[in-house]
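Architecture and fold: a report
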Amino acid sequence: MPKPSPIRHLLVVLGDQLNPDSTAFTDFDPKQDRVWMAEVNEESTHIWSSKQRIALFISAMRHFAKELGDSKIPLSYIAFEDPSNSQSLDGELLKAIQAFQPQALIMTAPGDWRVLEKIKGVSKQTGVPLEIREDNYFFSTVREFAEHAKGRKQLRLEYWYRELRKKHSILMEDGQPIGGEWNYDQENRSSFGKEGPPPIPAPLRFKTDAITKEVIRLVNERFANHPGELSASLEGFGWPVTRAQALLVLTDFIKMRLPLYGQFQDAMWTKEPWLFHAHIASALNLKLLSAHEVVNTAQVAFHQGTAPLAAVEGFIRQILGWREYVRGIYWTQMPSYLERNALNANAPLPAFFWNGNTSMNCLQETINQSLNTGYAHHIQRLMVTGLYTLLLGVHPKEVHAWYLSMYVDAVEWVELPNVIGMSQFADGGLMASKPYIATGKYIDRMSNYCKGCQFKPDQSHGQDACPFTTLYWDFLMHHESSMSKNPRMVMQVRNLKRMSDETKAAIQAQAKQHRLSLQP
Ligand code: FAD
Ligand code: SF4
């Protein structure tokens, strides 16, 4: 075979960069440039990625590659099954550089520090310069966040969120927030009460096409021992894998679910995984959708009177606020952020996290749902699985590996700060002003999980004691000296101080017994 002649740019497109209008494509010239994409085992095994997650990434990549092909864009695409595939990102990129001898590597800023380091390494090794461009699918740049964070001891979402609202004129009127408030939390976050949720519109899920069916077959064969269930049925895998599908999911959410989004944002209910959430995180993170279009569409719904301000503000806060905030934290704190363990937590992750085999009903529901769908909503992640690992004192790196493995929307830049900072308080309060801790009574208030559970959420010791409640008090006793220095923990520490020594001893014995029961 004749050797291909040298090219100008080799465009590195990663599995979570599936937008043809990304900055990497700005000056793309099909006569001189080429796109490079690779499916490699390494990206699914460096953490034990769930079958749902692998299938979504690979299917979306193959659909994107097909679209590029349809547009006659020169593309080198290395598939898993290619016998010459070295199954590592740097290995494949090195081969592509040898084959095409590009003058430069071009890419949009990747979402993962580890991947960035690898690509920089290849550039250094080969001497081919690497140009990294801003990701225009976010509102802010990491530089802007770093500027905002400069000189602040603690970072708080609220200040960053307000800055972005003003700068991009989102829900603003004459320089003031529309409605006079920045935040409508007091109108949001109700539970469903005893009567349960109102009718929940069925979420928009997509039938698997030939590409996705083949990917599902491949994943079930190659990654058979990876966690999770995966079938080609509508219930089994219905995620958007193209931009067209992602836009339909967004439109459906805005019309059918957004009006009740805020009100029931934190509520949970047995056998109801989807509720009033948007289910767009995977599409946003794969760049099938841009943050701008999602926020603008929600804003338009408010102006057209189809969704109330509290719901729209609550939703926009998640995207314009939290999403941009965690990205800034990730890129300004890595790589040391991965090593944070402020609470000195060292317990192993219980084995039931990988199979849902536990008698704690809330955990069983949340974990089984995650294994079957690759999805759990924010409060299930924060106040069920995350709360349990925090109270139990699981090593943050093990918690991180579980979350990164489990969810279809899991990419490190967004997952890590949510786990290390928000959920496990392992950064010592850089991201959140206090640990999100609660007894089982919180879960009882926000769901019906406790109704079907053998434990009683209000009991901290004794045979019916709820492990969350036991571990909550045990956690407070263990961390009493550091927690008593935190002004936002005063009430909780005061309640602990009121407890008799006898009760404290009974709780500690119960916590010890619970930990022992988890040992293999
Ligand atoms: P909705 O509830 O409908 O919210 C709308 C959108 O807001 C989401 O799609 C998401 O893009 C954004 N959003 C909401 N909360 C956050 C947040 N805390 N941080 C960043 N963006 C947010 N989100 C991910 O995208 N990937 C992850 O790997 C991830 N891991 C998480 C781990 C833990 C421990 C916790 C507590 C949260 C995590 N989140 C993660 C944030 C959030 O739980 C998910 O974005 C959300 O549940 C996705 O479902 P949805 O699209 O239906 O979200
Ligand atoms: Fe979970 Fe405790 Fe409620 Fe059982 S009683 S569902 S363990 S919070």
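Our subject is the structure listed above.
Just so we're clear, the structure is a prediction, and the values are computed from it rather than from any experiment. (Residues numbered from 1 in each chain as written. Chains lettered and ligands numbered in written order. Predicted model: local features only at pLDDT ≥ 70, side-chain atom pairs only at ≥ 80, totals over all residues. Heavy atoms only, no water.)

A separate point is the overall build of the protein chain. A count of helical and extended segments in the protein chain gives 21 helices and 7 strands. Relative to the globule expectation of 24 Å for 520 residues, the C-alpha radius of gyration of the protein chain, 24 Å, shows essentially globular dimensions. Taken along its principal axes, the extent of the C-alpha atoms in the protein chain is 80 × 60 × 50 Å. Excluding contacts between residues fewer than 6 apart, the proportion of contacts in the protein chain whose partners are at least 24 apart in sequence is 76%. In the structure as shown, the protein chain presents an accessible area of about 21800 Å², 52% of it carried by carbon and sulfur atoms. Averaging the coordinates of the 55 positive side-chain charges in the protein chain and doing the same for the 54 negative ones gives two points 3 Å apart. (Helix = DSSP H or I, 4+ residues; strand = E, 2+ residues; numbered from the N terminus. Rg over C-alpha atoms; globule rule 2.2 N^0.38 Å. Contact = heavy atoms within 4.5 Å. Areas by Shrake-Rupley, 256 points an atom, 1.4 Å probe, with all protein chains shown as cover. Lys, Arg positive; Asp, Glu negative; His and termini not counted. Charge placed at Lys NZ, Arg CZ, Asp CG, Glu CD.)

The next thing to look at is helix α12 (residues 309-333). If you check α12, its first and last C-alpha atoms are 34 Å apart, about what 25 residues at 1.5 Å a residue would give, namely 36 Å. Its axis deflected by about 30° at R317, α12 carries its strongest bend there. Across the 25 residues that make up α12, a large majority, 24, are buried. (Expected span 1.5 Å × (residues − 1). Bend = angle between axes of the 7 residues up to and from the residue. Buried < 20%, exposed > 50% of the residue type's maximum accessible area, 1.4 Å probe, protein only.)

Taken as a whole and assessed by the stated rule, the structure comprises 31 salt bridges. As a salt-bridge pair, R133 and D27 come within 3.1 Å of each other at their nearest N and O atoms. Of this pair, R133 sits in strand β5 (residues 130-133) while D27 sits in the loop between β1 (9-12) and β2 (34-38), placing them 106 residues apart in sequence. One network of salt bridges, in which partners are shared, links E158, R162, R165, E313 and R317. (Salt bridge = Lys/Arg side-chain N within 4 Å of Asp/Glu carboxyl O.)

Attention shifts here to the site of ligand 1. Taken together, 30 residues form the shell around ligand 1, and within it H277, A278, H279, N285 and Y375 come nearest. Taking I280, its main chain carries an N or O atom lying 3.0 Å from an oxygen atom of ligand 1. A total of 820 Å² of accessible area belongs to ligand 1 in isolation, and the protein chains cover 99% of it. Broken down by secondary-structure element, the contributors of at least two residues to the shell around ligand 1 are α10 (281-285), α12, α14 (378-392) and α16 (412-423). For the shell around ligand 1, the class distribution of residues is 18 nonpolar, 8 polar and 4 charged. (Near = heavy atom within 4 Å. Polar contact = N/O pair within 3.5 Å; in protein donor to acceptor, adjacent residues only side chain to side chain. Nonpolar A, V, L, I, M, F, W, Y, C, P; charged D, E, K, R; others polar.)

Here the focus is the site of ligand 2. Near ligand 2 the following residues occur: M360, N361, C362, G440, I443, Y449, C450, C453, F455, P457, C466 and F468. At the level of elements, α13 (361-373) and α17 (440-446) are the ones that each hand at least two residues to the shell around ligand 2. Among the residues forming the shell around ligand 2, the class breakdown is 10 nonpolar, 2 polar and no charged.

With 147 residues, the main nonpolar core has L258, F315 and L363 as its most contacted residues. Looking at which element gives the most residues to this core, the answer is α12, with 13 residues. Among residues more than four places away in sequence, those in contact with F315 are F253, L258, Y261, A278, I280, V294 and A298. Counting residues in hydrophobic clusters, the runner-up holds 19 residues, among them W36, L89, L93 and V122. (Core = buried A, V, L, I, M, F, W, Y, C linked by side-chain atoms within 4.5 Å.)

Here we take up the environment of M268. Along the chain, M268 turns up in the loop between α9 (258-261) and α10. Since its relative accessible area comes to 0%, M268 is described here as buried. Setting aside anything within four residues of it in sequence, one finds M268 in contact with F192, L275, H377, I379, Q380, V384, M446, S447, N448 and Y449.

It is worth spelling out the pairing of β5 at this point. As defined by bridge partners, strand β4 (residues 104-108) adjoins β5 across 4 bridges and the pair is classed as parallel. Bridged to I106 within β5 is E131. As for the winding sense of the linkage, the β-α-β connection from β4 through helix α4 (residues 113-126) to β5 is right-handed. (Pairing = 2+ DSSP bridges. Right-handed = clockwise from strand over helix to strand, strands pointing away.)

This part is about the sheet that holds β1. Across the sheet, 5 strands lie side by side as β3-β2-β1-β4-β5; this open sheet has parallel pairing. Edge positions in the sheet fall to β3 (75-78) and β5, since each has one partner strand and no second. Averaged over neighbouring strand pairs, the angle between their axes works out to 25° when direction is ignored. Taken together, the 3 bridges between β1 and β4 define a ladder with parallel strand orientation. Bridge pairing in β4 links L10 to L105. Across the face of the sheet, α4 comes into contact with β1, β4 and β5 while running at roughly 150° to β5. (Axes fitted to C-alpha atoms, helices over the stretch in contact; angles between N-to-C directions.)

Here the focus is helix α21 (residues 501-517). Every α-helix carries 3.6 residues per turn, so stepping three or four residues along brings you back to the same face. Compared with the 24 Å implied by 1.5 Å per residue over 17 residues, the 24 Å span of α21 between its first and last C-alpha is a close match. For α21, the set of buried residues is K504, I507, Q510, A511 and H514. Viewed end-on, α21 has its buried residues packed into an arc of 125°, placing them on one side of the element. Among the exposed residues of α21, those pointing more than 90 degrees away from its buried face are D501, E502, K512, Q513 and L516. The secondary structure elements touched by the buried residues of α21 are α14, α18 (467-478) and α20 (490-497). (Arc of directions from axis to C-beta.)

Structural measurements only, silent on function.
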